[in-house]
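If you want the building blocks of each chain, they are given just below.
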Amino acid sequence: MLDVLIIGAGPAGIFTALELLRNNSGKKILIAEQGSMIDKRSCPKAKTGKCVHCKPTCHITSGFAGAGAFSDGKLSLSYEVGGDLPELIGADYAQKMIDYTDKIYLEFGADTHVEGLEATEEIKDIRRKAIQADLKLVDCPIRHLGTEKAHELYLRIQEHLLANGVEILPHHDAENLIIEDNVCKGAVINGKEFRAEKVIVATGRKGADWLENMCRIHGIQNEAGVVDIGVRVELRNEVMEKVNEALYESKLIGYPKPFMNKVRTFCQNPGGFVAQENYENNLAVVNGHSFKDKKSGNTNLAILCSHHFSVPFNEPILYAQKVGQLLNMLGDGNILVQRLGDIRNGKRTWQKELSQGNVRPTLPDAVAGDITSAIPYRTMISILSFIDQVDKVVPGFASSETLLYAPEIKFYSNRIRMDADLNTSVKNLYCLGDSSGWTRGLMMASVMGVIMAKKLLN
Ligand SMILES: Cc1cc2nc3c(=O)[nH]c(=O)nc-3n(C[C@H](O)[C@H](O)[C@H](O)COP(=O)(O)OP(=O)(O)OC[C@H]3O[C@@H](n4cnc5c(N)ncnc54)[C@H](O)[C@@H]3O)c2cc1C
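Just so we're clear, the structure is a prediction, and the values are computed from it rather than from any experiment.

1. Considerations on the environment of Asn282
Step number 1: Along the chain, Asn282 turns up in the loop between strand 14 (273-279) and strand 15 (283-289).
Step number 2: Take Asn282: there are 10 C-beta atoms within 10 Å of it, and that puts it in the exposed class.
Step number 3: In sequence terms Asn282 and Thr379 are 97 residues apart; their C-alpha atoms lie 23 Å from each other.

2. Quick notes on the environment of Pro361
Step number 1: Assignment of secondary structure puts Pro361 in the loop between helix 10 (340-344) and strand 18 (367-368).
Step number 2: Each C-alpha atom, one on Pro361 and one on Pro258, is 31 Å from the other, the two residues being 103 residues apart in sequence.
Step number 3: Non-local contacts of Pro361, meaning those with residues more than four positions away in its chain, are made with Glu234, Val274, Val337, Leu354, Ala366 and Leu403.

3. Thoughts on the packing of helix 4 (residues 91-107) against helix 13 (residues 442-457)
Step number 1: Interaxial distance between helix 4 and helix 13 falls to 9 Å at its minimum, and their mutual angle equals 95 degrees. With respect to helix 13, the element helix 4 is oriented roughly perpendicular. Side by side, helix 4 and helix 13 meet where Ala94, Met97, Ile98, Tyr100 and Thr101 of the first sit next to Met443, Ser446, Val447, Val450 and Ile451 of the second.
Step number 2: Partitioned by chemical class, the residues of the contact of helix 4 with helix 13 number eight nonpolar, two polar and no charged.

4. A short note on the pairing of strand 1 (residues 2-7)
Step number 1: Of the strand pairs in this sheet, strand 1 and strand 9 (residues 192-201) are connected by five bridges, and their pairing is parallel. Along strand 9, the bridge assignment pairs Ile6 with Ile200.
Step number 2: Looking at chain direction, strand 1 and strand 2 (residues 29-32) are connected through four bridges and run parallel. By the bridge assignment for strand 2, Leu5 is matched with Leu30.
Step number 3: What joins strand 1 to strand 2 is helix 1 (residues 11-22), and the crossover it makes is right-handed.

5. Thoughts on the sheet that holds strand 16 (residues 298-307)
Step number 1: Read across the open sheet, the eight strands follow the order 4-12-13-16-11-19-17-18; overall the sheet is mixed. Each having just a single partner strand, strand 4 (136-138) and strand 18 make up the two edges of the open sheet.
Step number 2: Note: strand 17 (residues 336-339) against strand 18, two bridges, orientation parallel. For Val337, the partnering residue across the bridge sits in strand 18 and is Ala368.

6. A look at unusual backbone geometry
Step number 1: With an omega of 5 degrees, the peptide bond between Lys257 and Pro258 qualifies as cis.
Step number 2: The omega torsion across Ala406 and Pro407 is 5 degrees, close enough to zero to call that bond cis.
Step number 3: Non-glycine residue Asp134 carries a positive phi angle of around 65 degrees.
Step number 4: Judged by the 12 C-beta atoms lying within 10 Å of it, Asp134 is exposed.

7. Side note on the pairing of strand 17
Step number 1: Burial of strand 17 is two-sided: the residues Leu336 and Gln338 facing one way and the residues Val337 and Arg339 facing the other way are all buried.
Step number 2: Two strands pair when backbone bridges link them, and strand 17 and strand 19 (residues 403-410) are joined in this way by four bridges, in the antiparallel orientation. Bridging from a neighbouring strand, Gln338 pairs with Leu404 of strand 19.

8. A look at the domain arrangement of the protein
Step number 1: We note that the domain assignment places domain 1 (2-110 + 145-223 + 416-457) and domain 2 (227-410) within the protein.
Step number 2: Taking only C-alpha atoms, the centre of domain 1 and the centre of domain 2 are 28 Å apart.
Step number 3: Across the side of domain 1 that touches domain 2, the residue classes break down as five nonpolar, four polar and 10 charged.

9. Description of the site of the ligand
Step number 1: In the vicinity of the ligand lie 46 residues, with Gly10, Gly66, Gly204, Gly207 and Gly433 positioned nearest.
Step number 2: Tallied by class, the residues present in the shell around the ligand amount to 15 nonpolar, 22 polar and nine charged.
Step number 3: In this structure, the shell around the ligand is formed jointly by two domains, domain 1 (2-110 + 145-223 + 416-457) and domain 2 (227-410), each of which donates at least three residues.

10. Quick notes on helix 5 (residues 121-132)
Step number 1: The first and last C-alpha atoms of helix 5 sit 17 Å apart over 12 residues, in line with the 16 Å expected at 1.5 Å per residue.
Step number 2: Directly after helix 5, the chain includes Asp134, whose backbone phi takes a positive value near 65 degrees.

11. Comments concerning the nonpolar core
Step number 1: Residues Ile200, Leu404, Tyr405, Val447 and Met448 are the most contacted members of the largest nonpolar core, which totals 137 residues.
Step number 2: Considering each element in turn, this core owes the most residues, 11 residues, to helix 13.
Step number 3: Of the domains in this structure, domain 1 (2-110 + 145-223 + 416-457) and domain 2 (227-410) are the two that each give at least three residues to this core.
Step number 4: Not counting residues up to four positions away in its chain, the partners in contact with Val447 are Leu85, Ala94, Met97, Ile98 and Thr101.

12. Some words on the packing of helix 5 against helix 8 (residues 237-247)
Step number 1: As a packed pair, helix 5 and helix 8 sit with axes 9 Å apart at the nearest point and diverge in direction by 125 degrees. Taken together, helix 5 and helix 8 sit at an angle that is classed as oblique. Note on packing geometry: the crossing formed by helix 5 with helix 8 is left-handed. Of the residues in helix 8, those touching helix 5 at Glu122, Ile123 and Ile126 are Lys242, Val243, Ala246 and Leu247.
Step number 2: Across the contact of helix 5 with helix 8, the residue classes tally to five nonpolar, no polar and two charged.

Criteria and cut-off values
Along each chain, the written sequence defines residue order, and numbers are assigned to residues from 1. At least 70 in pLDDT is required for a residue's local features to be given in this predicted model, at least 80 for side-chain atom pairs to be given and counted, and no such filter applies to totals for whole chains, interfaces and linings, which use all residues. Put simply, DSSP marks the helices as runs of H or I at least four residues long and the strands as runs of E at least two long, and each gets a number from the N terminus on. Here a residue counts as buried when 20 or more other C-beta atoms sit within 10 Å of its C-beta, as exposed when there are 12 or fewer, and as partly exposed otherwise, the C-beta atoms being derived from the backbone. Any two residues are considered in contact once their C-beta atoms, placed from the backbone, lie within 7 Å. As a rule, the C-alpha atoms of each element are fitted with a line to give its axis, helices using only the stretch in contact, and angles between N-to-C directions run from 0 to 180 degrees. Should an angle lie under 35 degrees it is considered roughly parallel, over 145 roughly antiparallel, and from 65 to 115 roughly perpendicular; all remaining angles are considered oblique. Amino acids are sorted into nonpolar (Ala, Val, Leu, Ile, Met, Phe, Trp, Tyr, Cys and Pro), charged (Asp, Glu, Lys and Arg) and polar (every other residue, Gly among them). In short, DSSP must find at least two bridges between two strands for them to pair. Orienting the strands away from the viewer, one traces the path from the first strand over the helix to the second; a clockwise path indicates a right-handed crossover. Start and end positions for the domains come from either an automated domain assignment or a database one. For each residue, a C-beta atom is positioned from the backbone; the residue is called near a molecule or strand if that atom sits within 6 Å of it. Expected helix span is given by 1.5 Å per residue-to-residue step, counting one fewer step than there are residues. Note on terminology: a nonpolar core is any set of buried Ala, Val, Leu, Ile, Met, Phe, Trp, Tyr and Cys residues joined through C-beta atoms within 7 Å. Definitions for this section: a left-handed crossing has its near helix turned counterclockwise from the far helix by less than a right angle. A right-handed crossing has that turn clockwise.

Put into structure tokens, the structure is as follows:
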């Protein structure tokens, strides 16, 4: 019998195990992960030049360190960024735990430099322009690990956990939870029962569907949250220079007319590369990376539009999947890319036109086409209005040559009901990180893991 069974070896799961070890809990901990150990994770695209749709799991989104391993490792050090966990546990405590968890990252070799700490004249000027454009600029210091450095850091954590007796089972896929009389007793993993005192589900965005299904089957209380659908924008570094240098990442939020949906910038990668990742059902979605040492001439960032649903339809994940599938269909299974000018002119983009401007796509296997044929009207109009607002802060942002890749979708919509002590409606079952719907970033997911461990220590 295990003391703690953790399903999913992303930041939320591994920081639970790490904090338990750091406090000499003596607990018998097992982590089951459907992907590979971190030292066995490598995306074949580096050699093949294009995505080969790895089976059974994508190395980018699955494996030890979760979606974080290949992310460019931007640790957001403000409670205002990374999800809604502060609503649950309180902003002050959330900030305290971010500062605490940041120290653990530093112990494992994170870069000591933090960007966006000072309120310089440049930042004041950016804020002034944001106010004039009806946008909110969120302050958020960032510790940037860099994609390859993040990989090394999580490898050190993996080695530390293994050296200290945490059992990690790669290629172990949780199929079901064992819940009897509303008490969680374990999980069925690779067809075998694993019994545990406490079961922690930390399956990330990739496992959000699975967890939603578990909620349906076992009556775990949850609620439909928001879903974010949008595009990844790519433009020349020269356009973004001022913001990149002053802030590294500009977190801008607006509620553009006429729909007033929340629209925001997210995951900005100066000198970065646009990337493709694959989810269940072969859904290809776009994302972005930036490396510490390898730089492109472009900056990419996401623009995401939040959608709420109520009655009669409240399945945001399904909605976003359908939109994603439609975009993939138009791109023949690939990411679609279109120039902003072509969208304004009501025409598709042709592949040969992509080399006409200053900005050259950093995702070469993206297919030029017409994203407006698949993105819902409400989403598209909100994004285009937002781009015009950002153009007032960053002149040139709404240039005709600016590239829009789609679909960029964030699957964190199923929110598990829990109290401030992270108790769910099922005894001994805890749900953490992005799959719980309460976090959407490396630091906040890690923080939720640390808080979980502290609770288990009491
Ligand atoms: C390309 C990319 C770039 C990103 N960049 C940043 C960034 O710069 N800064 C930032 O803050 N965030 C970034 N993110 C988001 C960040 O990586 C996630 O928010 C974070 O990893 C969430 O942690 P988690 O532990 O909740 O889940 P995840 O990291 O997704 O880990 C969940 C793990 O559970 C496993 N799993 C799923 N289902 C099962 C199952 N049934 N059985 C067993 N295992 C299962 C998965 O294989 C996965 O390894 C990025 C994400 C991506 C994909």
